[in-house]
Structure formats: structure tokens, C-alpha cells
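# Results of the structural survey
So you can see what is in the structure, the chains are spelled out below.
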Amino acid sequence: MPRLFPQEDASDVRRRYKPDVIKGDMDSIRTEVLDFYTSLGTEIIDKSHDQDTTDLHKCVTYIRDFAPDLDKSNLCILVAGALGGRFDHEMGNLNVLCRFSSLRIVLLSDDSLIHLLPRTHHHEIHILSSIEGPQCGLIPIGMPSRSSTTTGLQWDLNETEMRFGGLISTSNIVTGEKVMVQSDSDLLWTISIKKL
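In the nomenclature of an unreviewed UniProt entry, the protein is known as thiamine diphosphokinase of Herrania umbratica. Check the Subcellular location (unreviewed entry) section of the UniProt entry for the protein; it says "Cytoplasm, Cytosol". Looking at the Function (unreviewed entry) heading of the UniProt record, one finds this comment for the protein: "Catalyzes the phosphorylation of thiamine to thiamine pyrophosphate (TPP). TPP is an active cofactor for enzymes involved in glycolysis and energy production. Plant leaves require high levels of TPP for photosynthesis and carbohydrate metabolism."

The following block contains the structure:
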């Protein structure tokens, strides 16, 4: 967070934007960071006994279960720093998108964002061209797509088959402010974001 406010004192920014909860297996958090947030009253949930799920999985479960009666159709979980590190961690984060396909989860890095487009829906993606695009891609995940169709891309798909080892839509270009996507397979939507 302090990098988003370079003109402000880093400690002030950390205090203002402190997390309510830190949950995970605590294997990568520095002791001084844990102590700092504990002193501010952040709840620490140590799940070090659970090595079968990632920290992101643990956190998404917490968010999903926090208010079980809440309508989650408008819930969007933005995961900053989810990409650009170790490849196995990135794959674990992509797996979380699939495991929680009924939730809208957006993985964000310094240069792109990714979210899942479940095959059960027709997708209308509104592009904020001041901050995202124009480079984009659609990648089948879980199984090949026998038929994917798009509008709003420089190279639209028209009942196109996509699969690993064959065609996947990378280095495509958004041409307007709306992209439509329909597929018989779950797809990952990825789009570049502009530097702030």
C-alpha cells in the first residue's frame, strides 16, 4: 500500500489501510510485520496445520463464509500481488479461480489482471480503456473449448476450438469498450493494465 501513496509516510499508510484479518499458514510473513499488525488489532488466524490449501484459498474461504446469508452475486474479491512471483504459486492462484468459480475473483499484478469466465454464462466485459488494455487473451482452463465466440476483439473468435497444444487466444487486442464472450469451456480472461 505505501507504494500507492509515495508522498505519504509508509507507517501512516499501513495504519490507515490495515487488514481486519491476516489468515494463512504464516510461513512467509516476517515476524516484525506480524507484530506490527497484531499491535494494531488485526486478527491473526494461523492455519499452519493446513498444508493442503494455499493462503489465497484460505482467505477466499474466510471471505465467502464471513457472511453466509449475504448475496454474493455482487461480491468481487480483488487479489493484489497474485501474479509475477513463483510459477507454482501463480498456478495455485489460478486454481483458486476454478475452485471458487461461483465467486468473482480478480487476480492483479503490476501489468495485468485475470479472472475466470465460467462456461455457464454469456459474458459482457466492460473495458475501462483509461486503465486496461488493449492487449488481452482468452485461455481455456480445465478442459479444451470446442467452441468459443467473441465480439469486440481485433481477432474475434467464431465458434473457435481452443486447447493447450493447439490454439489459445493470446496477444489479442480490445477494439472497443465492450467485449462479449461465450464458450463451452471455462476461460481465463487476461488483459493488460496501464502503469499508474
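Past the structure itself, the notes keep going.
Further remarks concern the UniProt feature "domain: Thiamin pyrophosphokinase thiamin-binding" (unreviewed entry) in the protein. Using the residue numbers shown here, the UniProt feature "domain: Thiamin pyrophosphokinase thiamin-binding" (unreviewed entry) corresponds to residues 124–187. The annotated region residues 124–187 carries 0% helix and 53% strand content, and the separation between its end C-alpha atoms amounts to 13 Å.

Here the focus is the sheet that holds strand β9 (residues 160–162). As summarised here, the arrangement of the four strands in space is β6-β11-β8-β9, forming an open sheet in which the pairing is antiparallel. With partners counted over all chains shown, the strands left at the sheet margins are β6 (123–126) and β9, one partner each. Between one strand axis and the next, the sheet turns by 35° as a mean value, whatever way the strands run.

So, about the side chain of H123. Mapped onto the fold, H123 is located in strand β6. Among the polar contacts listed, one links the side chain of H123 to the backbone oxygen of P118, at a separation of 2.7 Å. Looking at H123, its side chain comes within polar contact range of the main-chain oxygen of H121, at 3.4 Å. Other than its neighbours up to four places away in sequence, H123 contacts L117, P118, V179, M180 and V181.

Moving on: the pairing of strand β2 (residues 43–46). As paired strands, strand β1 (residues 21–24) and β2 are joined by four bridges and run parallel to one another. Counterpart to K23 in the pairing with β2 is I45. Handedness of the crossover is the feature at issue here: the chain leaves β1, passes through helix α2 (residues 31–39), returns alongside β2, and the resulting connection is right-handed.

Procedures and definitions
- Residues numbered from 1 in each chain as written.
- Predicted model: local features only at pLDDT ≥ 70, side-chain atom pairs only at ≥ 80, totals over all residues.
- Heavy atoms only, no water.
- UniProt positions renumbered as here; feature names shortened; annotations may be inferred.
- Helix = DSSP H or I, 4+ residues; strand = E, 2+ residues; numbered from the N terminus.
- Pairing = 2+ DSSP bridges.
- Axes fitted to C-alpha atoms, helices over the stretch in contact; angles between N-to-C directions.
- Polar contact = N/O pair within 3.5 Å; in protein donor to acceptor, adjacent residues only side chain to side chain.
- Contact = heavy atoms within 4.5 Å.
- Right-handed = clockwise from strand over helix to strand, strands pointing away.

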